[in-house]
Amino acid sequence: MSPETSTRIRRGALIFTAVTFCVFLVYTATDSIRPGSFSSSSFASILPSYLNYSSPPVPDSTLELEEILKNASTVNRTVILTTLNDAWASPGSIVDLFLKSFRLGDGTHKLLDHLVIVAMDQRAYNRCRIVHNYCYALVTKGVDFHQEADFMTPHYLKMMWRRIDFLRTVLELGYSFVFTDADIMWFRDPFPRFFPDADFQIACDNFLGRSDDMNNSPNGGFNYVKSNDRTIAFYKFWYSSREAYPEFHDQDVLNKIKFDPIISNIGLKIRFLDTAYFGGLCEPSRDLNVVCTMHVNCCIGMDRKLIDLEIMLQDWRAFVSLPSDLKNQSIISWRVPRNCSLNSVHHTDTPKAGND
């Protein structure tokens, strides 16, 4: 046998041995991940970099929220949000009047296609599924929000701050929103009245005449917020400020932090909404020809709210039934407050499901 032939035989033997060894390794690895025996550690032993580069799983609840927001949003990724618990969700309660106002309002019925009701408990979610298309169950571990939350109790404060944290999540998902309490009646499309260049705009209990006056008294029950880096940073700051003011709710904390230098550092542009268009019992919108929303604020107790909301809807129906020439004369004004008292402190409302 020639030396050249001998060399070729040795090379062939080495190649055969190497191939056989590789086949053995593949077989062993495959056997180790057959059904019933797979684990992330066994997979990582084969490809150690796998765990380092894989993305963490997205919670099912977030995926569900994204799907609901996508289906309900306008073309510019804007939704209308309200929160609801069992106390306000029962038949004949606040939510029924809230939805009725959209149907009776001028150009508001179509906005129901963009409304997402955020249910704070299971019973509210079940009722929502009956009366509306877009419902999301916001579960808070260890907290039951189904009962009426008396103003400034620990239960109330948890509800308020849970809402702020949830709204931050919506912004981070890339959706702008109009948040509205359910005890607000929608009579006209509010979007034409919003400031196009503002990041965060909010209704007032008392409006001092200028939208950029930081001394206006904001009401957290109605606001329009655009999704961007500034508003996300602001909501994070707002939520974290609860620790500095542990006995205050979100609205009072907002009143304190609105002057903080952090707001200007963020570059957040805030505007306050005129009560002529976005009124409430604290300061009613006087002209029914221009009113967009009316809030039953400055009112304690759900029963009182229900009566005045009914009266408010009656006043609106009476107004829209008038001939055009009589509408312009503004011969009809609100008959509320009737059961609600304006002697209440302007923010001492009794909310349910986070309603101010």
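Details of the structure are given in the entry above.
Overview of the structure. (Residues numbered from 1 in each chain as written. Predicted model: local features only at pLDDT ≥ 70, side-chain atom pairs only at ≥ 80, totals over all residues. Heavy atoms only, no water.)

## Description of helix H12 (residues 302-320)
Here H12 is 19 residues long and its end C-alpha atoms lie 27 Å apart, about the 27 Å a rise of 1.5 Å per residue gives. Residues of H12 that are buried include every one of Met-302, Lys-305, Leu-306, Asp-308, Leu-309, Ile-311, Met-312, Leu-313, Asp-315, Trp-316 and Phe-319, and no others. (Helix = DSSP H or I, 4+ residues; strand = E, 2+ residues; numbered from the N terminus. Expected span 1.5 Å × (residues − 1). Buried < 20%, exposed > 50% of the residue type's maximum accessible area, 1.4 Å probe, protein only.)

## As for the packing of aromatic side chains
As enumerated under the stated definition, the model contains 21 aromatic pairs in all. For the ring pair Phe-98 and Phe-102, a centre distance of 5.2 Å and an interplane angle of 80° mean the geometry is edge-to-face. You can see Phe-98 and its partner Phe-102 sitting in helix H6 (residues 94-104), four residues apart, about one turn around the helix. Residue classification places Phe-98 among the buried positions, given a relative accessible area of 0%. What makes Phe-102 buried here is its relative accessible area of 0%. Plain terms: the ring middles of Phe-187 and Trp-316 are 4.7 Å apart, the flat faces sit at 25° to each other, and that makes the pair stacked. Of the two residues, Phe-187 sits in the loop between strand S5 (184-186) and strand S6 (200-206) while Trp-316 sits in helix H12, which places them 129 residues apart along the sequence. According to the relative accessible area criterion, Trp-316 is buried, its value standing at 1%. (Phe/Tyr/Trp six-rings, centres within 6.5 Å; stacked < 30°, edge-to-face > 60°.)

## Digging into the state of the cysteines
Per the counting criterion, the structure on display carries three disulfides. What pairs with Cys-282 in a disulfide is Cys-298, and their sulfur atoms sit 2.0 Å apart. The sign of the 110° torsion about the S-S bond sets the Cys-282-Cys-298 disulfide as right-handed. Pair noted here: Cys-282 is in the loop between strand S9 (278-280) and strand S10 (293-295) and Cys-298 is in the loop between S10 and H12, with a separation of 16 residues, a long-range link. A sulfur-sulfur separation of 1.9 Å characterises the disulfide bridge that pairs Cys-299 with Cys-340. Its torsion about the S-S bond being -60°, the disulfide of Cys-299 and Cys-340 is classed as left-handed. (Disulfide = S-S within 2.5 Å.)

## Focus: the pattern of salt bridges
Inspection of every chain in the model, using the stated rule, returns 16 salt bridges. Salt-bridge contacts for Glu-243 lead to Arg-242; the nearest nitrogen and oxygen are separated by 3.9 Å. Because the salt bridges share partners, they merge into one network encompassing Arg-162, Asp-165, Arg-168, Glu-172 and Lys-236. (Salt bridge = Lys/Arg side-chain N within 4 Å of Asp/Glu carboxyl O.)

## Some words on the pairing of strand S7 (residues 217-225)
Taking burial as the measure, the nine residues of S7 include nine buried ones, the bulk of the element. Here strand S4 (residues 176-180) pairs with S7 via four bridges, running antiparallel. Bridge pairing links Phe-179 to Asn-223 in S7. Note: S6 against S7, six bridges, orientation antiparallel. By the bridge assignment, Asn-206 is partnered in S7 with Ser-217. (Pairing = 2+ DSSP bridges.)

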